[in-house]
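If you want the building blocks of each chain, they are given just below.
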Amino acid sequence: MAFVDQVHLDGDTATYRVNPAVKKYTLSDLNFKKTKLGNYELTQSLKPMNAKANVQLKLSISADLHQLKLAILTGSGLKTVNIFKGDQFAEEREQYQFLMQNLVIRQVLTKN
């Protein structure tokens, strides 16, 4: 998946962009890890207490802090999951919205 200016997950009503005011130290504070290419990556479980049904958020921000990638993946990180389909992922949706709202509040992302 390539970096883009804005992301929108299937089923989600929000579109996200990198906030122009984002700082590198804020990304470090929020547990983003710097990759070998200089990009910033956050992998966060959406249901940490249940390892078998683990779904994770993966957010990457480019090294220049202008573009991003966003995906919801299985615990292995190999397949995408649509948490907005049906009721089986209600807890994961709530955790996803909490995490994304926190990133908006911390001025990492902007929500459209």
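Before any of the text, the structure's been laid out above.
None of these values were measured; they are calculated from a predicted model. (Residues numbered from 1 in each chain as written. Predicted model: local features only at pLDDT ≥ 70, side-chain atom pairs only at ≥ 80, totals over all residues. Heavy atoms only, no water.)

Caption draft 1: Local environment of helix 2 (residues 90-105). Taking 1.5 Å of rise per residue, the 16 residues of helix 2 would be expected to cover 22 Å, and the 23 Å separating its terminal C-alpha atoms lies within 8% of that figure. Of the surrounding secondary structure, the elements contacted by the buried residues of helix 2 are strand 2 (16-18), strand 4 (40-45), strand 5 (55-61), strand 6 (68-74) and strand 7 (109-111). Count one or two residues on from helix 2 and you reach Gln-107, which has phi positive near 60°. (Helix = DSSP H or I, 4+ residues; strand = E, 2+ residues; numbered from the N terminus. Expected span 1.5 Å × (residues − 1). Contact = heavy atoms within 4.5 Å.)

Caption draft 2: How the structure looks around the sheet that holds strand 6. If you walk across this open sheet you meet the four strands as 3-4-5-6, and the pairing is antiparallel. The open sheet is flanked by strand 3 (33-34) and strand 6, the only strands paired with a single partner. As paired elements, strand 4 and strand 5 share six bridges and run antiparallel to each other. By the bridge assignment, Ser-45 is partnered in strand 5 with Gln-56. Along the sheet, helix 2 makes contact with strand 4, strand 5 and strand 6, crossing strand 5 at roughly 25°. (Pairing = 2+ DSSP bridges. Axes fitted to C-alpha atoms, helices over the stretch in contact; angles between N-to-C directions.)

Caption draft 3: Structural detail: the packing of aromatic side chains. Following the criterion strictly, the structure yields one aromatic pair and no others. Note on Phe-84 and Tyr-96: the rings are 5.5 Å apart at their centroids and 85° apart in plane angle, and the pair reads as edge-to-face. Here Phe-84 is found in the loop between strand 6 and helix 2, whereas its partner Tyr-96 is found in helix 2, with 12 residues between them in sequence. This pair shows no difference in class: Phe-84 is buried, exactly as Tyr-96 is. For the cation-ring pair, Lys-69 lies above Phe-3, with the distance from its terminal atom to the ring centre recorded as 4.6 Å. (Phe/Tyr/Trp six-rings, centres within 6.5 Å; stacked < 30°, edge-to-face > 60°. Buried < 20%, exposed > 50% of the residue type's maximum accessible area, 1.4 Å probe, protein only. Lys NZ or Arg CZ within 6 Å of the ring centre and 35° of its normal.)

Caption draft 4: Molecular detail of the nonpolar core. Within the largest apolar cluster, 30 residues are counted, with the highest numbers of intra-cluster contacts made by Phe-32, Ile-61, Ile-72, Ile-83, Tyr-96 and Val-108. The residues contacting Phe-32, other than those within four sequence positions of it, are Leu-27, Tyr-40, Glu-41, Leu-42, Leu-59, Ile-61, Leu-103 and Val-108. (Core = buried A, V, L, I, M, F, W, Y, C linked by side-chain atoms within 4.5 Å.)

Caption draft 5: Focus on the sheet that holds strand 2. Strand order in the open sheet made by the three strands is 1-2-7, with antiparallel pairing throughout. Taken across any chain shown, the strands that pair with only one partner, and hence form the sheet edges, are strand 1 (6-7) and strand 7. Pairing analysis gives two bridges linking strand 1 to strand 2, with the strands arranged antiparallel. When the sheet's bridge partners are listed, Gln-6 is paired in strand 2 with Arg-17. Along the sheet, helix 2 contacts strand 2 and strand 7; its crossing angle with strand 7, the most-contacted strand, is approximately 110°.

Worth remembering: the numbers are spatial, not functional.
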